[in-house]
Amino acid sequence: RESANITFLTPGGAMFGVKHYSDKLEKMRVEKGVNAEFNHKLVSIDVPNKMATFMNLKNNTPIQKSYDMLHVAPHMSAPKFLRNSPIVDSNGWVDVCKTTMQSTKYNNIFAL
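This text gives an overview of the structure that appears in the document. (Residues numbered from 1 in each chain as written. Predicted model: local features only at pLDDT ≥ 70, side-chain atom pairs only at ≥ 80, totals over all residues. Heavy atoms only, no water.)

**As for the overall build of the chain**
Phase 1: Looking only at helices and strands, the chain has two helices and five strands in total.
Phase 2: Taken from N to C terminus, the helices and strands of the chain fall in the order β-α-β-β-β-β-α.
Phase 3: For 112 residues, the compact-globule estimate of 2.2 N^0.38 gives 13 Å, and the chain exceeds it by more than 25% at 18 Å.
Phase 4: Principal-axis analysis of the C-alpha atoms places the extent of the chain at approximately 50 × 30 × 25 Å.
Phase 5: Across the 112 residues of the chain, 20% fall into the buried class.
Phase 6: For the chain, restricting intrachain contacts to residue pairs at least 6 apart in sequence, the fraction spanning at least 24 positions comes to 26%.
Phase 7: As displayed, the chain has an accessible area near 8800 Å², and 57% of this comes from carbon and sulfur atoms.
Phase 8: For the chain, the distance from the average site of its 14 positive side-chain charges to the average site of its 9 negative ones is 5 Å. (Helix = DSSP H or I, 4+ residues; strand = E, 2+ residues; numbered from the N terminus. Rg over C-alpha atoms; globule rule 2.2 N^0.38 Å. Buried < 20%, exposed > 50% of the residue type's maximum accessible area, 1.4 Å probe, protein only. Contact = heavy atoms within 4.5 Å. Areas by Shrake-Rupley, 256 points an atom, 1.4 Å probe, with all protein chains shown as cover. Lys, Arg positive; Asp, Glu negative; His and termini not counted. Charge placed at Lys NZ, Arg CZ, Asp CG, Glu CD.)

Right, dumping it as structure tokens:
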């Protein structure tokens, strides 16, 4: 592990979108010596040259990063038809009771 240089890049402004978990992940990141660059969105990957291009969302400038190993998770959001409906909460997800997965707004809706 000492010979690896690990950097976490995310388009978000923190380790995770939920503060409770983000705070814990941030603490672990620092303890493990993992670099982080927030507000960086992956825009392209040049596989033959092992080069990833990110857009710095704060100043709209592209940044290229070379890599030996690249792990990418796609951006996640609810589908547009849900985000634009009264079913969702202020974050754009279906608001549910955590123990039953039943909508807090509509008794006949359950969501995962």
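Once the structure has been displayed, the description carries forward.
**Things to note about the nonpolar core**
Phase 1: In this structure, Ala 78, Leu 82, Ile 87, Val 88, Val 94, Val 96 and Ala 111 together form the largest nonpolar core, which totals seven residues.
Phase 2: Once residues lying within four places of it in the same chain are set aside, the contact partners of Leu 82 are Ile 87, Val 88 and Val 94. (Core = buried A, V, L, I, M, F, W, Y, C linked by side-chain atoms within 4.5 Å.)

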